[in-house]
Amino acid sequence: MRLVKCWFCSSTIYPGHGIQFVRNDAKVFRFCRSKCHKNFKMKRNPRKVKWTKAYRAAHGKDMTQDKTFEFEKKRNRPERYDRNVTEDTLKAIKKIDKIRSTREADHISKRLKPNKQKALKSDLKEIDQHINLIKAPGSQQQDSEKVKVMVSSNKSVQNEAMEE
């Protein structure tokens, strides 16, 4: 089973799926869906369309350079089947996958870290500007300036009837 990549968005195309376009110079373009094919016909650049992998790689959204990507490369050398080698390879694939997932999580957290600080600064600035919306008007005065109000201790006849 041969899996190929979409020319526009770089997603995998499974056998029997997608659209194939052959140009006059015999260059073959494969597309995973009509969305990619239409964008190609409109001469859009995949590096400028936000939902493509090329855009994410060009703008630092995804990890692009990592040693774990070398294991995915296609090798055209035929290998003689050996059960031990196959077993070791499957174990290594699991380890590499775990390493890659932790590195991707670290990459995402590093990418989002400066934005958290900016958001905190902007929130604090907004609170300082609109403090009157948060605090009650009487509480903005100094403690020494607060006015004490005397409450009468006399109970009216109506209040006593309500309490019973």
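Residues numbered from 1 in each chain as written. Predicted model: local features only at pLDDT ≥ 70, side-chain atom pairs only at ≥ 80, totals over all residues. Heavy atoms only, no water.

A. Region of the structure containing the overall build of the protein. Helices and strands together make up the secondary structure of the protein, namely 5 helices and 4 strands. Moving toward the C terminus, one meets the helices and strands of the protein in the order β-β-β-β-α-α-α-α-α. Each of the 164 residues in the protein was classed as buried or not, and the buried ones make up 12%. Looking at the protein alone, contacts between residues at least 24 apart form 40% of all its contacts between residues at least 6 apart. Working note: accessible area of the protein is about 15100 Å², and carbon and sulfur atoms make up 52% of it. (Helix = DSSP H or I, 4+ residues; strand = E, 2+ residues; numbered from the N terminus. Buried < 20%, exposed > 50% of the residue type's maximum accessible area, 1.4 Å probe, protein only. Contact = heavy atoms within 4.5 Å. Areas by Shrake-Rupley, 256 points an atom, 1.4 Å probe, with all protein chains shown as cover.)

B. Region of the structure containing the pairing of strand E3 (residues 19–22). In this structure, E3 lies alongside strand E4 (residues 28–31), joined through 4 bridges in antiparallel fashion. By the bridge assignment for E4, glutamine 20 is matched with arginine 30. The hairpin turn running from E3 into E4, its antiparallel successor, is 5 residues long, and alanine 26 in that turn takes a positive phi close to 70 degrees. (Pairing = 2+ DSSP bridges.)

C. Seen up close, the UniProt feature "domain: TRASH" (unreviewed entry) in the protein. Feature annotation in UniProt assigns "domain: TRASH" (unreviewed entry) to the following positions: residues 6–44. Counted over residues 6–44, helix gives 21% and strand 26%. Its end C-alpha atoms are 15 Å apart. (UniProt positions renumbered as here; feature names shortened; annotations may be inferred.)

D. Highlighting the packing of aromatic side chains. Applying the stated criterion across every chain, the model contains 7 aromatic pairs. Between phenylalanine 31 and phenylalanine 40, the ring centres sit 5.0 Å apart and the planes meet at 45 degrees, which makes this aromatic pair tilted. In textbook terms, an aromatic cluster arises when at least three aromatic residues are bridged by ring pairs, as seen for Trp7, Phe21, Phe29, Phe31 and Phe40. Positioned above the aromatic ring of phenylalanine 29 is the side chain of lysine 27, whose terminal nitrogen or guanidinium carbon lies 4.9 Å from the ring centre. In this structure, lysine 35 is placed above the aromatic ring of tryptophan 51, and the distance from its NZ or CZ to the ring centre is 4.1 Å. (Phe/Tyr/Trp six-rings, centres within 6.5 Å; stacked < 30°, edge-to-face > 60°. Lys NZ or Arg CZ within 6 Å of the ring centre and 35° of its normal.)

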